[in-house]
Amino acid sequence: MAVFETADLTAASYSTATLGLVATSVLLLLGTGWVNRGWKLPVALCALAALVGVGAMFEAREAWAASKMVPVVYHYVGWAVSMPLQVLALYFLARRCGKLGIGLFWRLTIVSILMVFVRYLGEAGFMHATLAFLIGLVFWLYVLGELFFGKMDEVIRSSASEPVRRGYFWLRLIVTVGWAIYPLGNFITSFAGYVDDGSLSVAYNIADFLNRMAFGVAVLASAMLDSEGSRNEQN
């Protein structure tokens, strides 16, 4: 077992984020039993995204312990799975409020995977960095376009459930503001010549408290409040 120095903020951030993701995963898995049937899938998808984060954080922490550096692949492996899962959680959340086509499901799935994969190709040197950055940015903007101006936004606006509308607002904000750190980090490493000495990893790990943990808890809170409202109406 690796022993870190007290002042090793990078190791501390990995340990804290790992434990936070474990707690979030357990909470969300338990939460699937507290919500109505239609909410179980979005909450479970968020739990899976947090569990993927646990594995990615643990591997990255081990890499940091071994070499005092974290190759870029350790970040992208986790994002490539967890971010599409979160986008699909939003899709199924919105689908509770109205009909959404299967075409939108596949577009969101493919675009959210490519959004991460293309940025990885650029940072790993398999693709021209500028082209990869721009393509990844376009894919992220497409996801935002669907969330703000597409069919998902339309069905949420028509929903009679205040918890759903309020939850969707905050989740959409996380995807907009919180996820901005990923193209920003991509830009810094690809164009500013920055070599990560652990500081960027700390920033990514802090962002995970918003992007993975708060995201999942927000979905669970919306689900519980909406489920409670539905039960009260039935009574």
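Keep in mind the model is a prediction, meaning the values are calculated, not measured. Throughout, residues of each chain are indexed from 1 in the direction in which the sequence is written. Residues qualify for local features only when their pLDDT is at least 70, as the model is predicted, and side-chain atom pairs are given and counted only at 80 or more; totals for whole chains, interfaces and linings, by contrast, use all residues. With hydrogens and water excluded, all non-hydrogen atoms of the structure serve as input to the side-chain values.

## Details of the pattern of salt bridges
Next, step 1: Whenever Lys or Arg places a side-chain nitrogen within 4 Å of a carboxyl oxygen from Asp or Glu, that contact is recorded as a salt bridge. Overall, the coordinates contain 9 salt bridges when judged by the stated rule.
Next, step 2: Of the charged contacts, one joins Lys151 and Glu154 as a salt bridge, the two residues approaching to 3.4 Å between their closest N and O atoms. Residue Lys151 and its partner Glu154 are both found in helix α6 (residues 151-157); the two are separated by 3 residues, about one turn of the helix.
Next, step 3: Per-residue accessibility, obtained with a 1.4 Å probe over protein chains only, is compared with the maximum for each type, and a residue is labelled buried under 20%, exposed over 50%, and partly exposed between these values. Glu154 sits in the partly exposed class, given a relative accessible area of 47%.
Next, step 4: The salt bridge involving Glu162 is made with Arg166; its shortest N-O contact spans 3.2 Å. With a gap of 4 residues between them, Glu162 and Arg166 both fall in helix α7 (residues 162-177), about one helical turn apart.
Next, step 5: Judged by relative accessible area, Glu162 falls into the partly exposed class, the value being 37%. Numbered from the N terminus, helices here are DSSP runs of H or I no shorter than four residues, and strands are runs of E no shorter than two.

## Here we look at the packing of helix α5 (residues 129-149) against α7
The relative placement of two packed helices is expressed as an angle between their axes plus a distance between the axes.
Next, step 1: Axis definition: a line fitted to C-alpha atoms, limited for helices to the stretch in contact. Angles are taken between N-to-C directions and run from 0 to 180 degrees. The N-to-C vectors of α5 and α7 enclose an angle of 165°; their axes lie 10 Å apart at closest approach. It follows that α5 is roughly antiparallel to α7 by the angle criterion. In the packing of α5 onto α7, the handedness of the crossing is left-handed. Counted together, Trp140, Leu144, Glu146, Leu147 and Phe148 of α5 and Tyr168, Arg172, Val175 and Thr176 of α7 form the full contact between these two elements. Comment on the angle field: the value is read as roughly parallel under 35 degrees, roughly antiparallel over 145, roughly perpendicular from 65 to 115, and oblique elsewhere. In a left-handed crossing the near helix is turned counterclockwise from the far helix by less than a right angle, and in a right-handed crossing that turn is clockwise. Contact between two residues is taken to exist if any of their heavy atoms lie within 4.5 Å; hydrogens are not considered.

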